[in-house]
Amino acid sequence: MYFEYSKYLFFLMSIRILNFQRSLFLVAFLAFASSANAQITTSIRGVVLDEQRAAIPGATVSVTHPSSGLERTTATDAAGAFELFNLPLGAHDVAISLSGFATHTERINAGSVPVSLTATLTLAGFTDTVKVVPTETAIDASSAGTRHAVSVTRIERMPVAVSSRGIEAVLVAFPGFAQNANGAIHPRGAHNQMTFLVDGLPISDQLTGAFANSLDVAVVQTAELLTGNIPAEFGSKVSGVAVLNSRSGRGSGRPLTGAVSIAAGGFRTGQGSMQLGGERGRVGYFGSVTTMRTDRFLDQVALDNLHNRGHFARGFGRVDLGINDRTHLRTHAMGGGSRFELANQRSQQAAGQDQRQQLDDVSTWTTVARTLGATSTLEATAGYRTTTAALLPSAGDTPVTAAQDRRLSTYTLSSRFNRGAGRHQLRAGADVQRFPVREHFTMAITSPSFNVPGADHYNAALLPFDLTRGGRSFVFDDAQTGIQVSGFTQSTLGFDRWSLNLGLRYDEYRFLVNGRQWQPRLGVSYSVVEGALVLRASYNRNFQTPPNENLLLSNSEVASRLAPDSVRETLGQAYQPIRPERQDVYEAGGQIAFGAALTLDAAVYRKISRDQQDNNNFFDTGIIFPMSLSRIDVTGAEARLTVLPRRGISGSLSATTGRAMSTPPFTGGLFLGQDAVDLLSAGPFLIDHDQRLGLQGTLTIDPDGPWWIGGTVRYDSGLVSNPSDPAGVAADPDFFDLLPFVDLNAETPRVRPRTIVDLAAGLDLKDGRGRRTWSAQIQVTNLTNRTALYNFQSVFVGTRLVAPRSVSVRFARNF
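Everything numeric here is computed off the predicted structure, so don't read it as measured data.

**Thoughts on the overall build of the protein chain**
The number of helices and strands found in the protein chain is 10 helices and 41 strands. Counting all 815 residues of the protein chain, 57% fall into the buried class. A total accessible area of about 31500 Å² is found for the protein chain, and carbon and sulfur atoms account for 58% of it.

**Thoughts on the sheet that holds strand β2 (residues 60–65)**
Taken together, the four strands give an open sheet; going across it, the order is β3-β2-β5-β6, and neighbouring strands pair in antiparallel fashion. The open sheet is flanked by β3 (70–75) and β6 (104–110), the only strands paired with a single partner. Adjacent strand axes in the sheet meet at a mean angle of 20°, parallel and antiparallel pairs treated alike. Pairing of β2 with strand β5 (residues 90–97), which is carried by five bridges, proceeds in the antiparallel orientation. Within the sheet, the bridge partner assigned to T64 lies in β5 and is D93.

**Points about the pattern of salt bridges**
For the structure on display, the rule yields 44 salt bridges. Linking R427 and E379 is a salt bridge whose minimum nitrogen-to-oxygen distance equals 3.7 Å. Taken together, the residues R427 in strand β23 (residues 424–445) and E379 in strand β21 (residues 376–392) connect sequence positions 48 residues apart. The residues R427 and E379 share a single accessibility class, namely buried. The salt bridge partner of R631 is D633, with a shortest N-O separation of 2.7 Å.

**Some details on the confidence of the model for the protein chain**
Here the protein chain averages 86 in pLDDT, while 89% of its residues score no lower than 70. Predicted confidence is poor over residues 1–38, with pLDDT under 50, and the contacts of this stretch with residues over four places away or in other chains come to 95 contacts. Throughout residues 126–134 the model reports pLDDT below 50, and contacts reaching past four residues in sequence, or to other chains, amount to one contact.

**Quick word on the sheet that holds strand β7 (residues 115–120)**
Reading across the sheet, the three strands line up as β4-β1-β7 and stay open at both edges, with mixed pairing between neighbours. Each of the sheet's edge strands pairs with one partner strand only, and the pair in question is β4 (81–88) and β7. Neighbour to neighbour, the strand axes of the sheet diverge by 20° on average, direction disregarded.

**What about unusual backbone geometry?**
Between T398 and the following residue, P399, the backbone shows a cis peptide bond with an omega angle of 0°. Looking at the secondary structure, you find P399 in the loop between β21 and β22 (400–421).

**Focus: the packing of aromatic side chains**
Within a pair of aromatic rings, the relevant descriptors are the distance that separates the centres and the angle that separates the planes. Counted according to the given criterion, the structure contains 11 aromatic pairs. Ring plane angle 10° and centroid distance 4.7 Å describe the contact between F297 and F340, whose orientation is recorded as stacked. Of this pair, F297 sits in the loop between β17 (283–294) and β18 (310–322) while F340 sits in strand β19 (residues 327–341); the two residues are 43 residues apart in sequence, bridging distant segments of the chain. On the basis of relative accessible area, F340 is assigned to the buried category, the value being 3%. Ring pairs connect the aromatic residues F435, Y509 and F511, which therefore count as one cluster. Of note, R188 hangs over the ring of Y605, and the distance from its end group to the ring centre comes to 4.2 Å.

**What to know about the nonpolar core**
The nonpolar side chains of soluble globular proteins are, as a tendency, buried together. Counting residues in hydrophobic clusters, the biggest one holds 36 residues, and the most contacted among them are F441, M443, F474, L553 and F618. Elements with a contribution of two residues or more to this core: β21, β22, β23, β24 (474–495) and α6 (551–554). No other element matches β23, which puts five residues into this core. If you look at the next biggest cluster of nonpolar residues, it comprises 28 residues, including M194, F196, I203 and L225.

Definitions and cut-offs
- Residues numbered from 1 in each chain as written.
- Predicted model: local features only at pLDDT ≥ 70, side-chain atom pairs only at ≥ 80, totals over all residues.
- Heavy atoms only, no water.
- Helix = DSSP H or I, 4+ residues; strand = E, 2+ residues; numbered from the N terminus.
- Buried < 20%, exposed > 50% of the residue type's maximum accessible area, 1.4 Å probe, protein only.
- Areas by Shrake-Rupley, 256 points an atom, 1.4 Å probe, with all protein chains shown as cover.
- Pairing = 2+ DSSP bridges.
- Axes fitted to C-alpha atoms, helices over the stretch in contact; angles between N-to-C directions.
- Salt bridge = Lys/Arg side-chain N within 4 Å of Asp/Glu carboxyl O.
- pLDDT = per-residue confidence, 0-100.
- Contact = heavy atoms within 4.5 Å.
- Phe/Tyr/Trp six-rings, centres within 6.5 Å; stacked < 30°, edge-to-face > 60°.
- Lys NZ or Arg CZ within 6 Å of the ring centre and 35° of its normal.
- Core = buried A, V, L, I, M, F, W, Y, C linked by side-chain atoms within 4.5 Å.

In structure tokens form, the structure reads like this:
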């Protein structure tokens, strides 16, 4: 089998040599024939016997995933058998108990191949001695990179605001991120180049704030975040990879279970959600619907929350079918839409600006997984996703009016082969993605005080599109289709105290520019003290493709002609397209356990990127234009101290520091009337992803009773702001009152440090079987009502403020 699949991989890696269209056809054929995407879950099955080898029915089987905190429970049937589906990969602690028998405990390392076990329970007897079973730590000795995980068990206790953007509000609790406005997070000095793997479907859209609809956290069972030594199966956007495993009805043991909840909070925020799930025979199902409306949909752009109402609705559905003991099928569908106003500055509100945005998305995908034997599995996924965005202008738009209508679709085919033997694991596969893009965009200057001829920073290229000086609207309309073909192989090899992670990936990218790259992903870990101290190091070469949102306009020659002369001069007056980003990433770190309850994970890293990817935000609207700079150098360190649950108390403390230095010239984007554009052409500068220190602490008190309390404290030393003239800001009626919250006199201007405290408390009522029936929760976000900025007049994201204090309540009925 290894030999046969190695021939298949060799063929995939020959794409660069063979005719591209012929290779594409054959790879697509093999993806179907071998049946498509990344397996992110496993199952544990087994049988429970007594000392006479007779089956024990009714025994309670509890499985805990220490890394994420996920807890699952089932009972053995009449034959003493049990099976738990939809479990995350990695170490699991299994406990099997029944009255009259001694509890059986063991740790199982579950890979892509389902795990089978046989447990023998011994009779509990009277004894004068106590047998102490040591509790294993949460150290992961097989991983050579940085990864963190969280489950629904912990997510439900987080003080996340009712109007939260989505899953990113959970991920920001991990180290390695600088927090930004509208839910945006900067992973290790990158703008937002992340991939979300949702039950095997890769999504690399920019899922933040006004740019796209976020993923609904209500459907997540576990979330694993990878930021160091990214496995070779992941490509396109790999500054961070979030592996999300959704909830499933299979294994629930009930034909119908679910919850209905309502919530209300500040800014006239209201939310409702419903989840239903269950199983019948070999079929499991789960569905979720969430709706929300608020008067503060986006982070505001002024101290006054002006013109900022919005609402959204999201739906998710999943069906699991066990065709037989070896073949399983999963079908998913999700989608949503949002309608919201774009937040106004005071001058825009006075002029009657009423810009609105509409975002819609729909995804559907099916995965088939087949067990080939005791050590091998084969998977296949076919998926489709489409997103649309529309910006609706108004008569009062100032200083620029704009309209947009764009669509991005992605067709995905992929295959995965897994083979495991003890500590040795092999994973290999191929991906094909086809992505049609359509864009329509118009804009025109509407204020006579904007881009005044003869003034400093006047841009003559914009004069034909100045309506106040006899100009016309700029119009762009285009449609193109791109394709990306990838192949990879990766292995984990364990020898004594050593673990080697060896991966190789190849990408062929054909769109507005063509690119290809071999990408070695290499890592090693060493257990200095078994189960207590692990050291690791890795090297990754990455190939990151440009964001597809508004890429046609940003990458066009007509857009380049709108750039100021200072920008065009740095490029020799020539048009240069946006190219894929190529990275070399080095990381070293380790994990240390202080007993069974306390774990410290730390890492240092350096990332060197050519053709750095970033975005330009168009006048605080929801329109972003991809751009690139010549280079970025990022160095950083991060650490996370985790306190596993003990006597109802758990928590964590994450620390992140980073330095991100970008080097011009830049290309792409659509910079109109922004003085700081000169900075992008002058020389190396600290980009707004740069932050000296970020800290986040979480604490949960969840005793053996109905009530619980949770809280977070987050400190940010401040992102880099625009180097604006303090005198000019003081005279600007839109920004003068924000001066206390930004330090423009520093050598590198930054928004001022902030500390935000969030609290939550809840009450859970349960029936006689221990199942939750009713729950109530109260949350206070920004407890001290701290006024602070995320950004100030940034070339890349504009100006945004942190949300003021808000109190919300939530009630839920579980059944």
